[in-house]
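# A structural walkthrough
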2 protein chains.
Amino acid sequence: MPDRLRIPRPTAKRLSLYMREAGLRLRDGIGQISSRQLGETLGLTDAQVRKDLAYLGQSGQPGVGYPTRDLHDRIRHAMGTDQKWNAVLVGAGRIGRALLAYPSFDREDFRIVAVLDADPALAGQTMEGRRIWPMAEMSHLVREHGCRIGIIAVPREAAQAVADQLVRARVTGILNFAPRRVEVPASTCVISVDFTVALEQLAFEVNLASANGASS
Amino acid sequence: MPDRLRIPRPTAKRLSLYMREAGLRLRDGIGQISSRQLGETLGLTDAQVRKDLAYLGQSGQPGVGYPTRDLHDRIRHAMGTDQKWNAVLVGAGRIGRALLAYPSFDREDFRIVAVLDADPALAGQTMEGRRIWPMAEMSHLVREHGCRIGIIAVPREAAQAVADQLVRARVTGILNFAPRRVEVPASTCVISVDFTVALEQLAFEVNLASANGASS
């Protein structure tokens, strides 16, 4: 049994990627996977892969690799995605719609069970097959479905108020798609997905690469 | 003039956030901003903020801070977003639609100038006010609009082929929303935005927090 407390965050991020690769190979009926194969697919050295996987208390067999199913399940357990994660989505705009349609947000382990929006005109309508609820229903929905995750897909201006409401409704994790930092108590975890930062990082990298190219 | 080659990547990421805060304060007519204010808004120490901003060759005045406009413009220049960045978006599905509607993807400095899709039935239709083009038009559109960025918003299975096409069309940066790594030559930069990894990281963090809570 892996000790979650010992896994560093950068390793946890790579474990997600290893699990995905293992899942694809499982689907294709491939019973073994080596650190070299994982490394090649993901652009990492096999030493890095082996070091990360050692946190799971598992070591591959030289020349054979890891049993795919076992590797997949150990990572799932370490990441906690062998549990059920129900989520409420706040914001029935275009980002919310895209998330509802995104395959990752409707899996066995993660499910958006309810959509809420501050616009009273939307209450009672459906989006991608889910009913839209008024904000006042949040606590009730979180409790009823045992939601541990709230997803913020509202404009910047509304994000903090939504975060406050999610904390009051006792979700323990927030996935924030609004382009701002939200403040929450230390007992609540926040992961932000920020398209603006991603775009600006890309501009920075492209300029860096062309400067390096010009100077070499 | 800042030397872009010297700015570390983690600093570059924070510079994006500082620029956003400076932009908001500019909009509100606030002429000065301190490292303490920036740090408080972003959850960073003011020492970290000062260290990052020192890469711009600028130091704040004790007790006064940085002139907001100057700070904003220096970061913009360092990140390269004082240039124009035209992009082609590949994939006219829900993610593509959400990106077109996202405020960050229609700014003075970043513009999605064309949308392409492999489905011939979509060619000639419009999405969020942009015409959808067949894939065969990619090189032509990239050249005509001087696009340096390609955005991949297609399903996993199609992502590598689209990346190859974007490289052939001579974009130098790729923003990848497909849930897989794409392989490109070293001269092309890729930034991936991966919702699945974000969701799994959140599960990991929530479990970690509750384990820490239980053990303390």
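Residues numbered from 1 in each chain as written. Chains lettered and ligands numbered in written order. Predicted model: local features only at pLDDT ≥ 70, side-chain atom pairs only at ≥ 80, totals over all residues. Heavy atoms only, no water.

## Looking at the overall build of chain A
The helix and strand tally for chain A stands at eight helices and nine strands. Its C-alpha atoms give chain A principal-axis dimensions of roughly 60 × 50 × 35 Å. Residues counted as buried form 50% of the 216 residues belonging to chain A. Restricting the contact set of chain A to residue pairs at least 6 apart, pairs at least 24 apart contribute 58%. In the structure as shown, chain A presents an accessible area of about 9,800 Å², 50% of it carried by carbon and sulfur atoms. Charge-centre separation for chain A: the mean point of 28 positive side chains lies 3 Å from the mean point of 23 negative side chains. (Helix = DSSP H or I, 4+ residues; strand = E, 2+ residues; numbered from the N terminus. Buried < 20%, exposed > 50% of the residue type's maximum accessible area, 1.4 Å probe, protein only. Contact = heavy atoms within 4.5 Å. Areas by Shrake-Rupley, 256 points an atom, 1.4 Å probe, with all protein chains shown as cover. Lys, Arg positive; Asp, Glu negative; His and termini not counted. Charge placed at Lys NZ, Arg CZ, Asp CG, Glu CD.)

## Examining the sheet that holds strand 9 (residues 189–192) of chain B
Hydrogen bonds between backbone atoms are what pair the strands of a sheet, whose relative direction is either parallel or antiparallel. Residue and element names in this part refer to chain B. The seven strands are arranged 5-6-4-3-7-8-9 in an open sheet whose pairing can be described as mixed. If you trace the sheet from one side to the other, it starts and ends with strand 5 (126–127) and strand 9, each paired once. Both strand 8 (residues 173–176) and strand 9 contribute to a ladder of four bridges, which runs parallel. The residue bridging L175 from the neighbouring strand is I191, located in strand 9. Against the sheet, helix 7 (residues 156–168) contacts strand 3 (85–90), strand 7 (147–152) and strand 8, and its axis sits at roughly 175° relative to strand 7. (Pairing = 2+ DSSP bridges. Axes fitted to C-alpha atoms, helices over the stretch in contact; angles between N-to-C directions.)

## Some remarks on the packing of aromatic side chains
Taken as a whole and assessed by the stated rule, the structure comprises seven aromatic pairs over all chains. Cluster of aromatic residues (ring-pair linked, three or more members): F177 and F195 of chain A together with F177 and F195 of chain B. Across the ring face of W133 of chain A, the terminal group of R131 of chain A is positioned such that the distance to the ring centre comes to 4.2 Å. It is R148 of chain B that lies over the ring of W85 of chain B; its NZ or CZ is 3.6 Å from the centre. (Phe/Tyr/Trp six-rings, centres within 6.5 Å; stacked < 30°, edge-to-face > 60°. Lys NZ or Arg CZ within 6 Å of the ring centre and 35° of its normal.)

## Some words on the relation of the copies chain B and chain A
With an axial shift of 0.0 Å and an RMSD of 0.0 Å, the rotation relating chain B to chain A amounts to 180°. Interpreted geometrically, this transformation is the action of a two-fold axis. For chain B, the residue whose C-alpha comes nearest the rotation axis is A98 of chain B, separated from it by 3.1 Å. Most of the interface of chain B is mirrored in chain A, where 100% of its interface residues again form contacts. (Least-squares fit on C-alpha atoms with pLDDT ≥ 70 in both.)

## Describing the packing of helix 1 (residues 9–27) of chain B against helix 3 (residues 46–54) of chain B
Residue and element names in this part refer to chain B. Running from amino to carboxyl end, helix 1 crosses helix 3 at an angle of 100°, the nearest separation of the two axes being 10 Å. By the angle class used here, helix 1 and helix 3 are roughly perpendicular. From helix 1, T11, R14, L15 and Y18 reach across to helix 3, where they touch Q48, V49, D52 and L53. Broken down by class, the residue content of the contact of helix 1 with helix 3 amounts to four nonpolar, two polar and two charged. (Parallel < 35°, antiparallel > 145°, perpendicular 65-115°, else oblique. Nonpolar A, V, L, I, M, F, W, Y, C, P; charged D, E, K, R; others polar.)

## As for the confidence of the model for chain A
Here chain A averages 90 in pLDDT, and 95% of its residues register 70 or above. This complex was scored by the predictor with a pTM of 0.86 and an ipTM of 0.88. (pLDDT = per-residue confidence, 0-100.)

## Points about the environment of G150 of chain B
Residue and element names in this part refer to chain B. Relative to the assigned elements, G150 resides in strand 7. Distance from G150 to R20, taken between C-alpha atoms, is 23 Å for residues 130 residues apart in sequence. Those residues in contact with G150, other than ones at most four positions away along the chain, are V88, L166, V171, G173, I174 and L175.

## Focus: the interface of chain B and chain A
Contacts between the two partners involve 68 residues from chain B, matched on the other side by 68 residues from chain A. By the criterion of area lost to chain A, the three top residues of chain B are F195, L199 and F204 of chain B, representing 11% of everything that side buries. Here chain B and chain A share six salt bridges between them. Here R94 of chain A makes a salt bridge to E128 of chain B, at a shortest N to O gap of 2.9 Å. Between chain B and chain A we count 20 residue pairs in polar contact (both at pLDDT 80 or more) in total. Within the residue set of the side of chain B that touches chain A, elements represented by two or more residues are helix 1, helix 2 (35–42), helix 4 (68–79), helix 5 (94–101), strand 7, strand 8, strand 9 and helix 8 (195–215) of chain B. Ranked by the residues each element gives to the side of chain B that touches chain A, the list is headed by helix 8 of chain B, at 17 residues. Of the residues belonging to the side of chain B that touches chain A, the class tally is 37 nonpolar, 13 polar and 18 charged. (Buried area = accessible area lost by both parts, 1.4 Å probe. Salt bridge = Lys/Arg side-chain N within 4 Å of Asp/Glu carboxyl O. Polar contact = N/O pair within 3.5 Å; in protein donor to acceptor, adjacent residues only side chain to side chain.)

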